[in-house]
Amino acid sequence: MTKRQRVSLRIDAEVSSLEGKLVSYLKEDPILPPRDAAMRAIKAFYMPWVLENDLDQAQLQNLAATAVEELQFRIFQIQQRYGIGGAAAFITPPPRQSVLSHNGSSAAPMASVGAAPTIAEMRQQINPAELDDF
């Protein structure tokens, strides 16, 4: 039997620094445990590069598309929450199911999004209770 190896990342920051405020926010956020919230963001941002040499081209494109959708959804949430940008600035939110979801499970490839919905349609899709789910 081989010994299980682990890797860890510890983040320390001065409480009053931006990094300290970020870490404190993650630790105090009641929606997701800090590890899950941090891993979700890290996966969306880095996963295509991490698995670039481990996946075939089709799998990598699917993973990259999912990462983009996760990031686009967060951008959309920020735009909705803070009322920034006009109609041209809004990005189509992706379907909610994702291979980068917080439970770490794989999902089927997502269908590509057709024509961009109107702002009114996007607003109807948003549940205000989910605006801070990242």
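Above this note sits the structure.
Draft legend 1. Focus on the packing of aromatic side chains. Throughout the structure, instances matching the rule amount to one aromatic pair. Taking 4.9 Å as the distance between ring centres and 75° as the angle between the ring planes, the aromatic pair formed by phenylalanine 45 and tyrosine 46 counts as edge-to-face. A relative accessible area of 46% means that tyrosine 46 is categorised as partly exposed.

Draft legend 2. Layout of helix H2 (residues 34-50). Along H2, the helix axis deviates most sharply at alanine 44, where the bend reaches about 50°; the proline proline 48 sits within four residues downstream. Those residues of H2 not exposed but buried are Ala37, Arg40, Lys43, Ala44, Met47 and Pro48. At its buried positions, H2 is contacted by helix H1 (18-28) and helix H3 (57-82).

Draft legend 3. Examining the environment of phenylalanine 45 more closely. Locating phenylalanine 45 in the fold gives a position in helix H2. Under the relative-accessibility criterion, phenylalanine 45 is labelled partly exposed at 47%. Along the chain, phenylalanine 45 and leucine 71 lie 26 residues apart, while their C-alpha atoms are 7.5 Å from each other.

Draft legend 4. Up close: the pattern of salt bridges. Scanning the model with the defined rule gives two salt bridges in all. Close ionic contact of aspartate 12 with arginine 10 constitutes a salt bridge, the shortest N to O distance being 2.9 Å. Residue aspartate 12 is classed as exposed on the basis of its relative accessible area, which comes to 58%. Among the ionic pairs, glutamate 70 bridges to arginine 40, the shortest N-O distance being 3.3 Å. Of this pair, glutamate 70 sits in helix H3 while arginine 40 sits in helix H2, and the two are 30 residues apart along the sequence. With a relative accessible area of 5%, arginine 40 lands in the buried category.

Basis of the calculations
Residues numbered from 1 in each chain as written. Predicted model: local features only at pLDDT ≥ 70, side-chain atom pairs only at ≥ 80, totals over all residues. Heavy atoms only, no water. Phe/Tyr/Trp six-rings, centres within 6.5 Å; stacked < 30°, edge-to-face > 60°. Buried < 20%, exposed > 50% of the residue type's maximum accessible area, 1.4 Å probe, protein only. Bend = angle between axes of the 7 residues up to and from the residue. Helix = DSSP H or I, 4+ residues; strand = E, 2+ residues; numbered from the N terminus. Contact = heavy atoms within 4.5 Å. Salt bridge = Lys/Arg side-chain N within 4 Å of Asp/Glu carboxyl O.

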